There are 4 protein chains.
Amino acid sequence: MKLWGGRFEKETDERAAEFLHSFRFDIRLAEQDLRGSIAHARMLGRQGIIGEEESARLVEGLERIREEVRSGDPRFDPTSEDIHSAVETRLREIVGEVAGKLHTARSRNDQVVTDLRLWLREQGEETARAIRALQSALVGQAERHVETVLPGFTHLQPAQPVVLAHHLLAYFWMLERDHGRLRDALERMNLSPLGSGAMAGTGFPIDREFTAQELGFAAPTPNSMDAVADRDFVVEYMAFAALCVVHLSRLAQEITMWAAPQFGFVTLDDAYSTGSSIMPQKKNPDVAELTRGKTGRVIGHLTGTLAVLKGLPLTYNSDLQEDKEALFDTVDTLKLALHVFEGMVRTATFNRERMAAAAGRGFTTATDVADDLARRGVPFRQAHEIVGRMVAHCEQNNKALEDLTSGELREFWPDFPEEYRLNTPLESAASRNSYGGTAPERVREQLEAARRKL
Amino acid sequence: MKLWGGRFEKETDERAAEFLHSFRFDIRLAEQDLRGSIAHARMLGRQGIIGEEESARLVEGLERIREEVRSGDPRFDPTSEDIHSAVETRLREIVGEVAGKLHTARSRNDQVVTDLRLWLREQGEETARAIRALQSALVGQAERHVETVLPGFTHLQPAQPVVLAHHLLAYFWMLERDHGRLRDALERMNLSPLGSGAMAGTGFPIDREFTAQELGFAAPTPNSMDAVADRDFVVEYMAFAALCVVHLSRLAQEITMWAAPQFGFVTLDDAYSTGSSIMPQKKNPDVAELTRGKTGRVIGHLTGTLAVLKGLPLTYNSDLQEDKEALFDTVDTLKLALHVFEGMVRTATFNRERMAAAAGRGFTTATDVADDLARRGVPFRQAHEIVGRMVAHCEQNNKALEDLTSGELREFWPDFPEEYRLNTPLESAASRNSYGGTAPERVREQLEAARRKL
Amino acid sequence: MKLWGGRFEKETDERAAEFLHSFRFDIRLAEQDLRGSIAHARMLGRQGIIGEEESARLVEGLERIREEVRSGDPRFDPTSEDIHSAVETRLREIVGEVAGKLHTARSRNDQVVTDLRLWLREQGEETARAIRALQSALVGQAERHVETVLPGFTHLQPAQPVVLAHHLLAYFWMLERDHGRLRDALERMNLSPLGSGAMAGTGFPIDREFTAQELGFAAPTPNSMDAVADRDFVVEYMAFAALCVVHLSRLAQEITMWAAPQFGFVTLDDAYSTGSSIMPQKKNPDVAELTRGKTGRVIGHLTGTLAVLKGLPLTYNSDLQEDKEALFDTVDTLKLALHVFEGMVRTATFNRERMAAAAGRGFTTATDVADDLARRGVPFRQAHEIVGRMVAHCEQNNKALEDLTSGELREFWPDFPEEYRLNTPLESAASRNSYGGTAPERVREQLEAARRKL
Amino acid sequence: MKLWGGRFEKETDERAAEFLHSFRFDIRLAEQDLRGSIAHARMLGRQGIIGEEESARLVEGLERIREEVRSGDPRFDPTSEDIHSAVETRLREIVGEVAGKLHTARSRNDQVVTDLRLWLREQGEETARAIRALQSALVGQAERHVETVLPGFTHLQPAQPVVLAHHLLAYFWMLERDHGRLRDALERMNLSPLGSGAMAGTGFPIDREFTAQELGFAAPTPNSMDAVADRDFVVEYMAFAALCVVHLSRLAQEITMWAAPQFGFVTLDDAYSTGSSIMPQKKNPDVAELTRGKTGRVIGHLTGTLAVLKGLPLTYNSDLQEDKEALFDTVDTLKLALHVFEGMVRTATFNRERMAAAAGRGFTTATDVADDLARRGVPFRQAHEIVGRMVAHCEQNNKALEDLTSGELREFWPDFPEEYRLNTPLESAASRNSYGGTAPERVREQLEAARRKL
């Protein structure tokens, strides 16, 4: 059933219909569309805009459709233009002509954006839970590795020893910010556009407070033109999602490298790895790689949606139909990525020995020596220069810093004490005990703070 | 059937499988996958890598699967990891254990990229045809409107009168460049990666020239590592597509404005318009708007895919699996947009009177006066200044330039001739007869050139 | 002065230096860098890490450099690698060797991100003020146009009459959400990374609370690795900015169309318009157009920065150097765009007559008739159909709805009353008095609510 | 000097001027602007549109300005709106009032796009040379490493041994495709828009063929409206550039990993590395990292520019002013990145021993065993399964494949020959001698083919 045939003489071209119809994807909003319609129908009756009994019949019919949907047996006309007309057509089959009264005092313009807000609000809550679960998995692993040392990297060059818990908690805090951004977005989107009509409001004596409350919104939106033209909430979620999945991609990059035998820092569970059709030895960190790849997809959706909105005049334009598929895919991708990361992180085995061995290579305690010289009064710049020359000397002679004799040391700085002992990697990490630093005592505090957030 | 179980002890996690499996979308490559496998199986037999009879059985089995696919009755295991394993599993059902020999001397890495090139080559040809059809529709309309004047705009302000054919042909030339870019891309992608193996080539005595020829490729790719890691052809198509749909979006923007009663330049056919569920009078240029919107989507896919490839080390990484859905959607979107634009343009009615009336408003012939003064020896800068003041005077007094008496004219420039007649819009357009200009005589030449391209 | 020469034997290649050095753009952070260094130097003295007197000399030297910068006479070595080494070199010139002690217990990694947060915090506050100013300009215009009717558009087709104040306030609310997002971002970024060192913290007994307080931060960051690798605050500002400028671009699109003579709804002040070098009559809405264009730039910066961060392993990588130019340009572009929009909006003249005339055209009160039939008991769907046919009839006969006689009306619906009078555009607008609707009484409430936000 | 003051009463607002003026960046087009103006002035004289002597004076004046520019002493008014008005103002100072005749029969709209095409054509040629230079550096290194084995990776897991030359040449072919795309773009852009006027052509008897030839263009553009509104050539260069720098980013990622001690495959020259201000041992692959980062920037420019063009109606709109800065930065970034990569690649030292050692680890020859079983008649799928189990056994027992005794081997497959010897990595590579494969003999052919391209 078309909702708008009156003034038209010709049918829509078949290909144009294929191009224009959104039913194949907006059917996903069926539950929300019905929920919104039920609230609207109730309000219409309550306000006397339609008869009480008419209202009751509409509600009953809509509830029956909802059951059909929930039981996996929706009976929509597959050639419907969109979910709204599909529902109305089905409603007419059930309740007859009174179905035509449901659309009193509303438009698809306020309806669709109400549906989408309801949907995204639910999905946002699920996303929040998925973030929390991944944060828990990180905390779980961190608890086991407060004293596991590995090289901390800058520029992918060994920099200073750190403990694995500290490294993993860095991701905890990224996700904590994501969670904050998501919560802010969810709060900002929680207003009801229902009752904005096509864009100017309506002359029927509707009660927007009532429908807002029925649907769990904090309040109705203040401007009807803005309400039907606004997709800020879609973009805000997408921007949150893009940054969140970028965080996953960073961890993914590390997992991928750490799983390579050159690093050998982590062994992934078989359940989160795949093999090769030709190379029998392969065990690939597919989940990590694919998430890194899907980050491009999510960035693309954000970019594309901003480009869609750019330069759109008020109020509703069909360009806005482009919000849904990109949003659906963004939500699905992020949620699933969070889920599989949770499993991958939870089941991963970190290889303490490989990490410890690596932590001792690459002159990672050179800063300790420079700091020590600084503590002994050498200006830091000069201390840096001295140790730099020591490292260059060691590299040329294929030595580690700890191989240098005190005689050799004094060639670089005459006041080196007789018995100069370098820090072990764990000592080195433990020495960095400033607030937020990698010393295990500090990391335990950090873990405590992290646990409090969960 | 998993193609790689040997070294694994645990099954893939269910959610991870959902995340990783590509069968739900790469089934779209079934035809190409089969075509590639048939060529490969033939070659294996021809080169004596497998027995002639084995080769024949494989080919026969693959052809049967192809028939199942073509007849709309594919019998693939829906839980397959990807199309490649789906085909091999089905093949095993048909031909038995010999199916296991098909994968000799190849890998999914070279297989999937062969499939994708085959697919995109076909789709590229279809895209080219769709461009040509839209160009024809533009030429068709242009032929009817060589002397239809309308205001040419710069900054969306009336600038100078032009003829509609000239305006429409501007889009012809944009599409002509798109066509050129597409042809270049199709030529560049027409190399066969088959036989690159997992990434290093193979030790079996394969004949890559043979499979390349069988599949209609110009030659085999020269470097096996590049071959399996390369998705340039995907990006090149997407970049072409993004610019092409940007061109459509520009026309879409004009159609949208021209269909508004404030312009009233065009009336779209009902078959390419839609209505409103609440406002009975509405007739919306939905096809144009939605195409403008979909431009964001295509830009997003390009952006996302570039981001996917950024920083990927050699050779195959699972990130590359992200090429397909974005590409499929780009191709589908562009092709369908071209098709519906063809219909929309072909069936549109341009309103000569509204255009002509508009062409005379907004001082569009002011440049003619300035040019005329320049021809009479006034330096152009000064002529511009004089006419600028005339326009300001007219605006303040709510007059058109043609309303000025010769007395008034001479207040701006003393040497205006007694009887000074301004150009009509059509005269004005006709006077701009430089090569590529809007004079009907020139536009007829241009139409001729355009027709030669088709 | 290079801060890291010790282990190197060769100079950086000249072109590589050109490529790598950031001084030409990060000099913009001089003020923040000095502020951070002063806080750090004070803390070093307070904690006894360096002598009290040394600390005082460093602070004094840094304050002198700050004065040089503020007075527009910075004395930095133009070949400096970055602002940090430029400052240290200059400091050495002023205070001598003790300058080398300033870098004790910190790294450029925590230093640069501290600088950037300080800078963005200030710029964010300026941005917030610019948003408020534009909101005020919108409210100012809205107050003058509570009863100015114009056609509200959907799909750029006239939909229903609205009042201009309502239309303008739609932008007020968009900016209000932008303001909220900005405030959230500013709060989230207000943590001090100073003291995170290269990435592991430091063994010196620093006081991060002290420097955080000195610099006005709410607290120190909780994880040193995250702190130096995190650019979320940059992305969050950019995402806010992209959406904000998208809002401007929507208004820009309307201004551009409204300034065209076909609409004629607005006349821009000369101070916010430009002319043509060739067409003497032109007056172009350049500010609006350019802002619409610059929206692409800001979207591009966001996209690019997300792509930069994608797949970056911990902790600092030189890729992060790419944050600054994109951020600087985003901030500059948005702030300037907000400023010029404020002026353009404030000085614009809206043409009541043109708007009123347009509001009556295009069957904008057709919904009123349908609603009226619905009130008289006709199911809305059927009412919609009836009025749709009335409109089609009028279009074919070149009539307005108000031209139909009661006899004609009754051919569409037999129960039309004898004397059926259609709403005028203002009556139509006034009738849409639901909460958030366009009725002047409601718009006055809305204005009140808007004013309370400012 | 403003080129359009006539009809305006008020000055442009100061901030709006700052926003609108392009002189600070389009001064970069001075050389091209002058070249175009000289050709135009000559043509005006030749066609008798202005006097021969006037033409000569204009040309002389323009040539003098060109000398000022070339000698680094341009005398432009720094408050100019753009380069075009700057040149005209300066010309007036030199030749007097006749300067006003230069703008006869052209507009800034055709002028600016002519300038930009001239500029990009030159820059494109320079880019092509920079690509060639990097290709040469890759070939140079490849020649030294035809028999240097390293592990080829898929999924960043060791897959099969390859030779370094093969790996490096993969980048050669990527760049070869980039070069092809650039050449196609350069050819497509080589048309002269000069003479298209504001957008409709001109009534003056100009000779567009003449100016096209003078400026080295293949022909004039065929449609004046398209000509002034078209920025396809900018987008096409940007799309080429984005993919090209993505290729660099892939190599950058490998260099970054290979320079980490965990890989240790490459040692970069000091001239292309940097150190740390705090960690004396650091030697960072900064050039590679920064290029990887700058890839985001270039992707962002492409995205942004497509978004700028989306939905722009014909013809010139100020949005188009946004083409220049993004293009300039794209060209500069790509050229400089290519230059520094050339140096970095040319001077890099590849560590044969580390690579060889790594090539033998990770069961990289497992495919060889499976292939061997397949050659002995085992269906490949089964062979894969057998070797998969062998690998799992080895991993659990911490063995390499070559450690398995024939007794052990026969537990996996009873027909293993008594003396079963596994391939060494180099033998393994040498065995993959299919066309395009990694066998040194094939790689030598490939090197030959590569050299022929240079």
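Residues numbered from 1 in each chain as written. Chains lettered and ligands numbered in written order. Predicted model: local features only at pLDDT ≥ 70, side-chain atom pairs only at ≥ 80, totals over all residues. Heavy atoms only, no water.

**What to know about the domain arrangement of chain A**
Residues and elements named next belong to chain A.
Working step 1: As far as domains go, chain A holds domain 1 (14-104), domain 2 (109-151 + 161-357) and domain 3 (360-442).
Working step 2: Taking the mean C-alpha position of each, domain 1 and domain 2 sit 30 Å from one another.
Working step 3: Contact with domain 1, which involves 23 residues of that partner, is made by 23 residues of domain 2.
Working step 4: Our count for the domain 1 to domain 2 interface comes out at 3 salt bridges.
Working step 5: One salt bridge in this structure joins R46 and D207, with 3.8 Å as the shortest N-O distance.
Working step 6: On the surface where domain 1 and domain 2 come into contact, there are 6 residue pairs in polar contact (both at pLDDT 80 or more).
Working step 7: Residue assignment for the side of domain 1 that touches domain 2 shows that the elements contributing at least two residues are α2 (23-26) and α3 (30-46).
Working step 8: Residue contributions to the side of domain 1 that touches domain 2 peak at 10 residues, all from α3. (Domains from an automatic or database assignment. Contact = heavy atoms within 4.5 Å. Salt bridge = Lys/Arg side-chain N within 4 Å of Asp/Glu carboxyl O. Polar contact = N/O pair within 3.5 Å; in protein donor to acceptor, adjacent residues only side chain to side chain. Helix = DSSP H or I, 4+ residues; strand = E, 2+ residues; numbered from the N terminus.)

**Side note on the relation of the copies chain C and chain A**
One copy of the chain maps onto the other through a rotation about an axis plus a displacement along that axis.
Working step 1: Under the fitted operation, chain C is carried onto chain A by 0.0 Å of movement along the axis and a turn of 180°, and the coordinates agree to an RMSD of 0.1 Å. Both copies of the chain, as the preceding transformation shows, are related through a two-fold rotation axis. (Least-squares fit on C-alpha atoms with pLDDT ≥ 70 in both.)

**Examining the pairing of strand β2 (residues 157-163) of chain C**
Residue and element names in this part refer to chain C.
Working step 1: Burial analysis of β2 places 7 of its 7 residues in the buried class, the great majority of the element.
Working step 2: Here strand β1 (residues 149-154) pairs with β2 via 6 bridges, running antiparallel. If you follow F153 over to β2, its bridge partner there is P158.
Working step 3: Hairpin connection between β1 and β2: a loop of 2 residues separates the two successive antiparallel strands, and H155 in this loop has a positive phi of roughly 55°. (Buried < 20%, exposed > 50% of the residue type's maximum accessible area, 1.4 Å probe, protein only. Pairing = 2+ DSSP bridges.)

**Overview of unusual backbone geometry**
Apart from glycine, the bulk of residues carry a negative phi angle, and the bulk of peptide bonds sit in the trans form.
Working step 1: For the bond from L314 of chain A to T315 of chain A, the omega torsion is -5°, close enough to zero to count as cis.
Working step 2: Relative to the helices and strands, T315 of chain A is located in the loop between α11 (286-309) and α12 (323-347).
Working step 3: With a phi angle near 55°, F363 of chain A is a residue other than glycine that sits in the positive phi range.
Working step 4: The phi angle at A105 of chain C is positive, at roughly 65°, despite the residue not being glycine.
Working step 5: Under the relative-accessibility criterion, A105 of chain C is labelled buried at 3%.

**Looking at the packing of aromatic side chains**
Working step 1: Counted under the stated rule, the structure contains 42 aromatic pairs over all chains.
Working step 2: Plain terms: the ring middles of F23 of chain A and F76 of chain A are 6.1 Å apart, the flat faces sit at 90° to each other, and that makes the pair edge-to-face. Taken together, the positions of F23 of chain A in helix α2 and F76 of chain A in the loop between α4 (52-70) and α5 (83-95) put the pair 53 residues apart, joining distant regions of the chain. Accessibility assignment for this pair places F23 of chain A and F76 of chain A in one class, buried.
Working step 3: Centroid distance F172 of chain C to W173 of chain C: 5.0 Å. Interplanar angle 85°. Geometry classified as edge-to-face.
Working step 4: A residue is classified by how much of its surface remains accessible, and F172 of chain C, at 0% relative accessible area, is buried.
Working step 5: Ring pairs connect the aromatic residues F153, W258, F263, F265 and F350 of chain A together with F153, W258, F263, F265 and F350 of chain D, which therefore count as one cluster.
Working step 6: The cationic tip of R28 of chain A hangs over the ring face of F328 of chain A; the distance from NZ or CZ to the ring centre is 5.0 Å. (Phe/Tyr/Trp six-rings, centres within 6.5 Å; stacked < 30°, edge-to-face > 60°. Lys NZ or Arg CZ within 6 Å of the ring centre and 35° of its normal.)

**Some words on α12 of chain A**
Working step 1: Between its first and last C-alpha, α12 of chain A extends 36 Å over 25 residues, near the 36 Å set by a 1.5 Å rise per residue.
Working step 2: Across the 25 residues of α12 of chain A, 20 count as buried, placing the element largely inside the fold. (Expected span 1.5 Å × (residues − 1).)

**Describing the pattern of salt bridges**
Working step 1: Scanning the model with the defined rule gives 190 salt bridges over all chains in all.
Working step 2: The partner of R177 of chain C in a salt bridge is D230 of chain A, and the shortest N-O contact between them spans 3.3 Å. Here the residue R177 of chain C occupies a position in helix α7 (residues 164-189), and D230 of chain A occupies one in the loop between α9 (224-229) and α10 (232-259), the pair thus bridging two chains. Here R177 of chain C and D230 of chain A have matching classes, each one buried.
Working step 3: Within this structure, R117, R188, D226, D230, D232 and E236 of chain A together with R177, D178, R181 and D184 of chain C form a network of salt bridges that share partners.

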